[in-house]
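# Secondary and tertiary structure notes
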Amino acid sequence: MSKPSVVFVTGNANKLKEVQKLLSNVTKYEIINKNLDLEEIQEASLEEIARKKILQAVALLPKGQRIVVEDTALGFDALNGLPGAYVKWFLKKMSLDELVKMLEPFEKKTGEAITTVAYSDENGDIKIFQGITKGKIVKHRGNLDFGWDAIFEPLAEEGNTEALTYGEMTKEFKNGLSHRSKAFKLFEQYLVDN
Ligand SMILES: O=P(O)(O)OP(=O)(O)OP(=O)(O)OC[C@H]1O[C@@H](n2cnc3c(O)ncnc32)[C@H](O)[C@@H]1O
Ligand SMILES: [Mg+2]
């Protein structure tokens, strides 16, 4: 008999790569990917956005499947958490340099990277897990391949003693302290326990 699976719904190849590594210790399920473009509602909390995403995925995919989605936000403390979940749309309209410039009038350059994971088990019961990594928004350094990686420098207290941006880190190092790894660690524990 083949292994039961968990379907990770995302259209983002970089996310998928990280999540496959993060869940590599979960041996009782096979993690498979489905690329669906899920709507992301506005004027909602991060938890509500993730919840709506998973409900859509559940409605679109065959019944009885375990499904997981995530939504990732980048919030600037000086802007009370904006752009937050809307960072994707900001990045479609402006460069990383322009995004950093938004903070020019403010002394406070700190921010939070937040991943909210929403999981639906085979009965449709939903669980939410969240991971937050605190950092500083800086002029871009390092690899530009993945979203805002190059402008986010996690704080030293997160374990980033060499003050690297996510863009300057190896995947392994990023996965050791990232917002995504914290959320998926909680999810991994849940899968192992249930
Ligand atoms: O299909 P989904 O999973 O929704 O993938 P997405 O690319 O639309 O992702 P989000 O809706 O979560 O939007 C988050 C935005 O932040 C970017 N992003 C997400 N995680 C990131 C990370 O760890 N480092 C840098 N950028 C990231 C991503 O490229 C998007 O522009
Ligand atoms: Mg998205």
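- Labelled according to an unreviewed UniProt entry, the chain appears under the name Inosine triphosphate pyrophosphatase, originating from Hanseniaspora uvarum.
- Within the UniProt record for the chain, the comment given under Sequence similarities (unreviewed entry) is "Belongs to the HAM1 NTPase family."

## Side note on the overall build of the chain
- The helix and strand tally for the chain stands at 6 helices and 7 strands.
- When its helices and strands are written in sequence order, the chain yields β-α-β-α-β-β-α-α-β-β-β-α-α.
- At 17 Å, the chain has a C-alpha radius of gyration in line with the 16 Å of a compact globule built from 194 residues.
- Overall size of the chain, expressed as C-alpha extent along the three principal axes, is 55 × 35 × 25 Å.
- For the chain, buried positions account for 33% of its 194 residues.
- In the chain, 62% of the contacts between residues at least 6 apart in sequence involve partners at least 24 apart.

## A short note on the site of ligand 1
- Surrounding ligand 1, one finds 16 residues, the nearest of these being Thr10, Asn12, Thr72, Lys88 and Gly147.
- Elements with a contribution of two residues or more to the shell around ligand 1: β3 (66–76) and α3 (87–93).
- Looking at the shell around ligand 1, the element that brings in the most residues is α3, giving 3 residues.
- The class makeup of the residues in the shell around ligand 1 is 5 nonpolar, 5 polar and 6 charged.

Thresholds, definitions, all that
Residues numbered from 1 in each chain as written. Chains lettered and ligands numbered in written order. Predicted model: local features only at pLDDT ≥ 70, side-chain atom pairs only at ≥ 80, totals over all residues. UniProt positions renumbered as here; feature names shortened; annotations may be inferred. Helix = DSSP H or I, 4+ residues; strand = E, 2+ residues; numbered from the N terminus. Rg over C-alpha atoms; globule rule 2.2 N^0.38 Å. Buried ≥ 20, exposed ≤ 12 C-beta atoms within 10 Å, placed from the backbone. Contact = placed C-beta atoms within 7 Å. Near = placed C-beta within 6 Å. Nonpolar A, V, L, I, M, F, W, Y, C, P; charged D, E, K, R; others polar.

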